[in-house]
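Remarks on the overall topology
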Amino acid sequence: MSLPIAVLASGRGSNLQAILDAIKAQTLDAQVMVVLSDKPDAKALDRARAEGIAAYYVNPKAYADKAAYEAALLEHIAPYDCALICLAGYMRILSPYFVQHAPCRIMNIHPSLLPSFPGLHAHQQALDYGVKYSGCTVHFVDEGVDSGAIIFQEIVDVYPDDTEDTLSERILIKEHQIYPKAIQMFAEGRLTFDGRRVIVKGAK
Ligand code: GRF
């Protein structure tokens, strides 16, 4: 059976698209059951609807506090019996409430080589620091910010004339490769999590 997943996204949804494309190409045995966004005009919602996938804008301002908002997100996810929640450009920090009450594991993709440059503006942080290599990281989500156990990373060169745009473009290509791959490894039961580290069976 395909892995049922929920996706949370705030923006253009290119990672969601990479997941959908990998499913179509049969390199990812998963089914996106529902897509949720905190932005009414997120392109990710359009991408989901174009595929006939349930897609909801859940307005954070309609709830008294973050926990109430996150409870609403989880209520939207509950009917779909998802085995994984994927953050794909979801720009809000999830509180421990969400992590503790989620019915399944949560994965995220972050555009830096964690643990360097967590949080917002990861590309600019990397450029400001002057690193010569950056990249992206797929990790499980824990209660911290981009601090969960690392599943896959990919490296890209950082060039002297790079801008946030050129660097993010180069990293995005790698994101679209490793996110579907990580989800597939999860679907195949090849990720062992010992509380801190993830061992990927049959991969380096
Ligand atoms: C990606 O760079 C991802 O790593 C970060 O937010 C961006 C989302 O891009 N978390 P998209 O919406 O998937 O195109």
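Structure shown above.
What counts, and where the lines are drawn
- Residues numbered from 1 in each chain as written.
- Predicted model: local features only at pLDDT ≥ 70, side-chain atom pairs only at ≥ 80, totals over all residues.
- Heavy atoms only, no water.
- Helix = DSSP H or I, 4+ residues; strand = E, 2+ residues; numbered from the N terminus.
- Contact = heavy atoms within 4.5 Å.
- Near = heavy atom within 4 Å.
- Polar contact = N/O pair within 3.5 Å; in protein donor to acceptor, adjacent residues only side chain to side chain.
- Areas by Shrake-Rupley, 256 points an atom, 1.4 Å probe, with all protein chains shown as cover.
- 1 Å grid on protein atoms, 1.4 Å probe; cavity = no way out; pocket = protein on both sides within 12 Å on 5 of 7 lines; lining within 4 Å.
- Sits in = over half its atoms within 2 Å of the grid points.
- Nonpolar A, V, L, I, M, F, W, Y, C, P; charged D, E, K, R; others polar.
- Buried < 20%, exposed > 50% of the residue type's maximum accessible area, 1.4 Å probe, protein only.
- Phe/Tyr/Trp six-rings, centres within 6.5 Å; stacked < 30°, edge-to-face > 60°.
- Lys NZ or Arg CZ within 6 Å of the ring centre and 35° of its normal.

Quick notes on the side chain of Ser-134
- Here Ser-134 shows up in strand S6 (residues 133–140).
- Once you skip the residues sitting within four places of it in the chain, Ser-134 turns out to touch Pro-111, Ser-112, Leu-113, Ala-126, Glu-154, Ile-155, Val-156, Val-158 and Ile-171.

Brief notes about the site of the ligand
- The immediate surroundings of the ligand are formed by Arg-12, Gly-13, Ser-14, Asn-15, Gly-89, Ile-109, His-110, Pro-111 and Glu-175.
- Ser-14 is positioned such that a nitrogen or oxygen atom in its side chain is 2.5 Å from an oxygen atom of the ligand.
- Ile-109 is positioned with one of its backbone polar atoms (N or O) 3.1 Å from a nitrogen atom of the ligand.
- Here the ligand, which alone exposes 370 Å², has 88% of that area covered by the protein.
- Here the ligand is seated within the largest pocket.
- Mapped onto the shell around the ligand, the elements with two or more residues apiece are helix H1 (14–24) and strand S5 (105–110).
- Tallied by class, the residues present in the shell around the ligand amount to 2 nonpolar, 5 polar and 2 charged.

A closer look at unusual backbone geometry
- For the peptide bond that leads from Leu-114 to Pro-115, omega is 10°, which places it in the cis range.
- Structurally, Pro-115 is set in the loop between S5 and helix H5 (122–129).
- Located in the positive-phi region is Asp-146, a residue other than glycine, with phi close to 55°.
- Counting through the fold element by element, Asp-146 comes out in the loop between S6 and strand S7 (150–157).
- On the basis of relative accessibility, which here comes to 15%, the residue Asp-146 falls in the buried class.

Here's the deal with the packing of aromatic side chains
- One pass over the structure, following the stated rule, counts 4 aromatic pairs.
- Taken together, a centroid distance of 6.1 Å and an interplanar angle of 70° make the contact between Phe-140 and Phe-186 edge-to-face. Here Phe-186 lies in helix H6 (residues 164–187) and Phe-140 lies in strand S6, a separation of 46 residues in the sequence. Phe-186 shares its class with Phe-140; the two are buried.
- Here Phe-140 and Phe-193 contribute two aromatic rings whose centre-to-centre distance is 5.6 Å and whose plane-to-plane angle is 55°, an arrangement assigned as tilted. Of the two residues, Phe-140 is situated in strand S6 and Phe-193 in strand S8 (residues 191–193); the sequence distance between them amounts to 53 residues.
- Phe-140 gets classed as buried once you look at its relative accessible area, which sits at 4%.
- Taken together through their ring pairs, the aromatic side chains of Phe-140, Phe-186 and Phe-193 make up a single cluster.
- Lying across the ring of Phe-152, Lys-181 places its NZ or CZ 4.5 Å from the centre.

Function cannot be inferred from these measures alone, as they are strictly geometric.
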